[in-house]
Amino acid sequence: MVEPDRFAAAAAWPARRRRRYTVALPVLGIPVRFRTESAALLAAVEAAYGGWRGLFGCPESDVRATTSSRVTVLLDEDEHLRATRRTRFETRIEHGRLLLVAGDAAGCADPGRGAAAVRLAPDTVATPGRFREVVDTFVLFLLTRRDRAPVHAAGVARDGAGLVLAGESGAGKSTLAYAAFRAGLRVLGEDAVYVQLEPRFRVWGMGRAVHLTPEAAALFPELAGRAVVLRGNGKRKVAVDIAPPAPPPPPVERAGLCLVDRGAGPVRVEPIEPADAVARLTSRLDPGFDHFRGTIAARLHAIVAGGAWMLHLSADPGAALPCLLDLLDRVGGGR
């Protein structure tokens, strides 16, 4: 257990003061204003989120329509924090706010303020993967309260059509997402996609990396020798960068749902009733996603309007690719 005073320190809001640097970037289509005194932090923000700037020139993104939903993230370096081998986060939801503490980070996200205040160790600012992992936690906590509710699933897309790949932990979602990436598909995310309902249906992704178990990574020869890292959730994974070199494309406006399970037999696909698919996914929500119990059904119903299938995987993740391509073609035919 984390001693209460550490959470109290995380909850302390910084004194109101002007910060030298401000940059606004439309993450998931919602303007996020990052404010800091540190040039190093500004550079880290640009590296992590700068690609979203391309949405400002994309008419389909509706960024201007979401200006009233914008959020602010205050970032400060704190030399009293130190990066340690133990990088696991400790989090708490208190009065609707997210509090986070770790050896190298602390902070609070308050949806009522539409803002987060985050302190990071200098070593964390200089470590891109860790910086993204920490700051994403606060950014997404705010954005998911602004019509970007998360669905616990991987997502793949091609030519404006997407498939949301849902299943229990260990079903093979991340492995299938990486196999799809190798085949040239766009990966929306490996563990969550973000669903917008207003002013129209869209599925957004934050696909930067796929995190594979060491056993799954062993299925792909090019990943031999990759380091295993301890993530903030305490799980040991092999991280594979999948971020596109160009600004992120617009969100997906046509989507369908695949329930994924892994078996010993051959790959096969069978249609399922959309209402049954929604019922399965809402009957048990994993921790974190259960905070969206009141809105998740509406998001899932919007997705299954494009079709719902059960996808049975084999031991070979690549064997499912023809099925994914076929289903994307069906979804791409229109909602």
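Here the structure is shown first, and the text comes after it.
Here the residue numbering is sequential within each chain, running from 1 through the sequence in written order. Under the rules for a predicted model, residues below a pLDDT of 70 receive no local features and side-chain atom pairs below 80 are neither given nor counted, while totals for whole chains, interfaces and linings still include all residues. With hydrogens and water set aside, each side-chain value is computed from the structure's full complement of heavy atoms.

> When you look at unusual backbone geometry in this model, what are you seeing that I'm missing?
If a residue is not glycine, its phi is most likely negative; likewise, a peptide bond is most likely trans. In this model, Glu198 is joined to Pro199 through a cis peptide bond whose omega is 0°. The helix count covers DSSP runs of H or I at least four residues long, the strand count covers runs of E at least two residues long, and both are numbered beginning at the N terminus. Take Pro199: it is sitting in the loop between strand E12 (193–196) and strand E13 (202–204).

> Explanation requested: the sheet that holds strand E8 (residues 149–151) in the structure shown.
Strand pairing in a sheet relies on backbone hydrogen bonds, with the paired strands running either antiparallel or parallel. One requirement defines pairing of two strands: DSSP has to find at least two bridges between them. The three strands lie next to each other as E8-E12-E13, forming an open sheet whose pairing is antiparallel. Edge positions in the open sheet fall to E8 and E13, since each of these has one partner strand only. For this sheet, the mean inter-axis angle between neighbouring strands, taken without regard to orientation, is 40°. The strands touched by helix H8 (residues 293–304) are E8 and E12; relative to E8, the strand with the most contacts, the crossing angle is about 65°. Angles here are taken between N-to-C directions and fall from 0 to 180 degrees, while the axes themselves are lines fitted to C-alpha atoms, restricted in helices to the stretch in contact. Whether two residues are in contact is decided by their heavy atoms: any pair within 4.5 Å suffices.

> Just checking my understanding: could you explain the side chain of Arg202 for this structure?
Looking at where Arg202 falls in the secondary structure, it is placed in strand E13. Reaching out from Arg202, the side chain makes a polar contact with the side chain of Glu253 at a distance of 3.1 Å. Here a polar contact means two N or O atoms within 3.5 Å. Within protein one must be a hydrogen donor candidate and the other an acceptor candidate, and residues neighboring in sequence count only if both atoms are side-chain atoms.

> Which parts of the structure should I look at to understand the packing of aromatic side chains?
To describe a pair of aromatic rings, one takes the distance between the centres and the angle between the planes. What counts as a ring pair is set by centres within 6.5 Å for rings of Phe, Tyr and Trp (its six-membered ring), and what kind of pair is set by the plane angle: stacked under 30 degrees, edge-to-face over 60, tilted for all other angles. Applying the stated criterion to the full structure yields four aromatic pairs. Between Trp52 and Trp204, the aromatic rings sit 6.3 Å apart at their centres with planes inclined by 40°, giving tilted as the arrangement. Here the residue Trp52 occupies a position in the loop between helix H2 (39–49) and strand E3 (71–77), and Trp204 occupies one in strand E13, the gap between them amounting to 152 residues. Taking the relative accessible area as the measure of exposure, Trp52 reaches 8% and is therefore buried. Judged by its relative accessible area of 1%, Trp204 is buried. For the pair Tyr178 and Phe220, a centre-to-centre distance of 4.8 Å together with 80° between the ring planes defines the contact as edge-to-face. Within this pair, whereas Tyr178 is found in helix H5 (residues 173–182), its partner Phe220 is found in the loop between helix H6 (214–217) and strand E15 (229–230), the two being separated by 42 residues in sequence. Phe220 matches Tyr178 in its accessibility class, with the two residues each being buried. A network of ring pairs unites the aromatic residues Tyr178, Phe181 and Phe220 as a single cluster. Criterion for a charge above a ring: Lys NZ or Arg CZ within 6 Å of the ring centre, and within 35 degrees of the ring normal. Positioned over the ring face of Trp13 is Arg113, at 4.2 Å from the centre of the ring. Over the face of the ring belonging to Tyr49 we find Arg208, whose NZ or CZ atom lies 4.9 Å from the ring centre. The buried label goes to any residue with under 20% of its type's maximum accessible area, the exposed label to any with over 50%, and the partly exposed label to all in between, with areas taken from a 1.4 Å probe on protein chains only.

> I keep staring at the pattern of salt bridges and nothing clicks. Help me out?
Two side chains that carry opposite charge are able to pair once their charged atoms sit near each other. We count a salt bridge whenever a side-chain nitrogen from Lys or Arg sits within 4 Å of a carboxyl oxygen from Asp or Glu. A full pass over the atoms with the stated rule returns 18 salt bridges. Taking the shortest distance from any N to any O, the salt bridge between Arg20 and Glu37 comes out at 3.6 Å. Placement of Arg20 in the loop between helix H1 (4–11) and strand E1 (21–27) and of Glu37 in the loop between strand E2 (30–36) and H2 is noted, with a sequence separation of 17 residues between them. The salt bridge partner of Arg284 is Glu168, with a shortest N-O separation of 2.9 Å. One end of the pair, Arg284, is in the loop between helix H7 (274–283) and H8; the other, Glu168, is in the loop between strand E10 (161–166) and H5, with 116 residues separating them in the sequence. Like Glu168, Arg284 is exposed.

> Honestly, the packing of H2 against helix H4 (residues 128–143) in this entry has me stumped. Any pointers?
Two quantities define a packed helix pair, namely the angle between the helix axes and the distance between the axes. Packing of H2 against H4 brings their axes to within 11 Å, and their N-to-C directions diverge by 80°. Here H2 is positioned roughly perpendicular relative to H4, judged by the angle of their axes. For the pair H2 and H4, contact is made by Leu41, Ala44, Val45, Ala48 and Tyr49 and by Phe131, Arg132, Val135, Asp136 and Val139, respectively. Amino acids are sorted into nonpolar (Ala, Val, Leu, Ile, Met, Phe, Trp, Tyr, Cys and Pro), charged (Asp, Glu, Lys and Arg) and polar (every other residue, Gly among them). Counted by class, the contact of H2 with H4 contains eight nonpolar, no polar and two charged residues. By the definition adopted for this analysis, an angle is roughly parallel if under 35 degrees, roughly antiparallel if over 145, roughly perpendicular if from 65 to 115, and oblique otherwise.

Read these as geometric descriptors, not functional statements.
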